[in-house]
Structure formats: structure tokens, C-alpha cells
Amino acid sequence: MAVNKNFVVKNGLEVNDNLLVADIDSQKVGIGTSVSSYELHVLGGIGATDLHVTGVSSMGGSLIVGTPQASSDISLTGNLNITGITTLAGSGGITTTGGDLYVGGDLF
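Cut-off values and rules
- Residues numbered from 1 in each chain as written.
- Predicted model: local features only at pLDDT ≥ 70, side-chain atom pairs only at ≥ 80, totals over all residues.
- Heavy atoms only, no water.
- Buried < 20%, exposed > 50% of the residue type's maximum accessible area, 1.4 Å probe, protein only.
- Helix = DSSP H or I, 4+ residues; strand = E, 2+ residues; numbered from the N terminus.
- Pairing = 2+ DSSP bridges.
- pLDDT = per-residue confidence, 0-100.
- Contact = heavy atoms within 4.5 Å.
- Patch = residues over 30% accessible without salt bridge, like charges linked within 9 Å, V, L, I, M, F, W, Y side chains within 5 Å.
- Areas by Shrake-Rupley, 256 points an atom, 1.4 Å probe, with all protein chains shown as cover.
- Salt bridge = Lys/Arg side-chain N within 4 Å of Asp/Glu carboxyl O.

Draft legend 1. Layout of unusual backbone geometry. A positive phi angle, near 60°, is found at Gln27, a position not held by glycine. On the basis of relative accessibility, which here comes to 56%, the residue Gln27 falls in the exposed class.

Here you go:
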């Protein structure tokens, strides 16, 4: 039977315990969790074809960009373009570059 209508949920939705939870009161959605702490809260691994992030982003654990590797480092395949303030070894460590380093303006 085909129904040509929108799917409407008025007071929240819960599918199979914590598989998918939508809370109308808090305006939050949880996937893989029964307690949504964010507008969209996903517990577990996330695979994305395209990811567009605007604003401040915090990441804990491994961040792998490009080909997945078994590592706890940040791995990047391709180019990295940074606009704005960048802090390298902010606690007084050593920063190493593998090529030429060009600095414009004053260097302290």
C-alpha cells in the first residue's frame, strides 16, 4: 500500500531502545544513545562522504583525514590550509618542519 504523505512525529520518537531517540521537549536527537546531550548526539563510529563544519569543533581521540590508519596521531592525506591563529607546541615543546618555513611580519 503506497501512502503519499509526510511522516509526522508530534511528541518524540524512540526506535528499539537507544537506536534512534528524538525528544520534542529538548529538541535533541540521539543515535545509539538514549540520552541526547547535543542537538544531534551520535554514539559510535560515524562515516561521512562530505563534512562541513562551521564554528568551533572539538575532537577527542584520533582524527584521521584521508586513508584510515591504525594510529592515535592526526593523519592528513592531501593539503592542509589554515587561516587564523595556529599554536604549535604551545606548552614549550619542539616544532619541526620538513621544508622551508616562511614567516611574514614579526617573529618572537
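Now that the structure has been shown, the text picks up again.
Draft legend 2. How the structure looks around the side chain of His41. Tracing the backbone through its elements, the reader meets His41 in strand 4 (residues 40–42). The exposure class of His41 is buried, given its relative accessible area of 15%.

Draft legend 3. Looking closely at the pairing of strand 3 (residues 28–31). In this sheet, strand 3 lies alongside strand 2 (residues 20–23) in antiparallel orientation, the contact comprising four bridges. By the bridge assignment, Leu20 is partnered in strand 3 with Ile31. The loop that links strand 2 with its antiparallel partner strand 3 comprises four residues; one of these, Gln27, has a positive phi angle of about 60°. Across three bridges, the pairing between strand 3 and strand 4 is parallel. Across the sheet, the residue bridging to Ile31 is Val42, located in strand 4.

Draft legend 4. Main features of the confidence of the model for the chain. Confidence in the prediction for the chain averages 75 pLDDT; 76% of positions are at 70 or higher. In the model of the chain, strand 1 (residues 13–15) stands out as the element of lowest mean pLDDT, 67, in contrast to strand 3, which has the highest, 86.

Draft legend 5. Main features of the environment of Leu43. Mapped onto the fold, Leu43 is located in the loop between strand 4 and strand 5 (64–65). Its relative accessible area of 55% is what places Leu43 among the exposed residues. In this structure Leu43 touches Ile31, Gly32 and Thr33, once residues within four positions along its chain are discounted.

Draft legend 6. Summary view of a nonpolar patch on the surface. On the surface, Leu101, Val103 and Leu107 cluster together into a nonpolar patch covering about 340 Å² of accessible area. Position of Val103 among the secondary structure elements: in the segment after strand 6 (75–76). Look at Val103 and you get partly exposed, because its relative accessible area is 46%.

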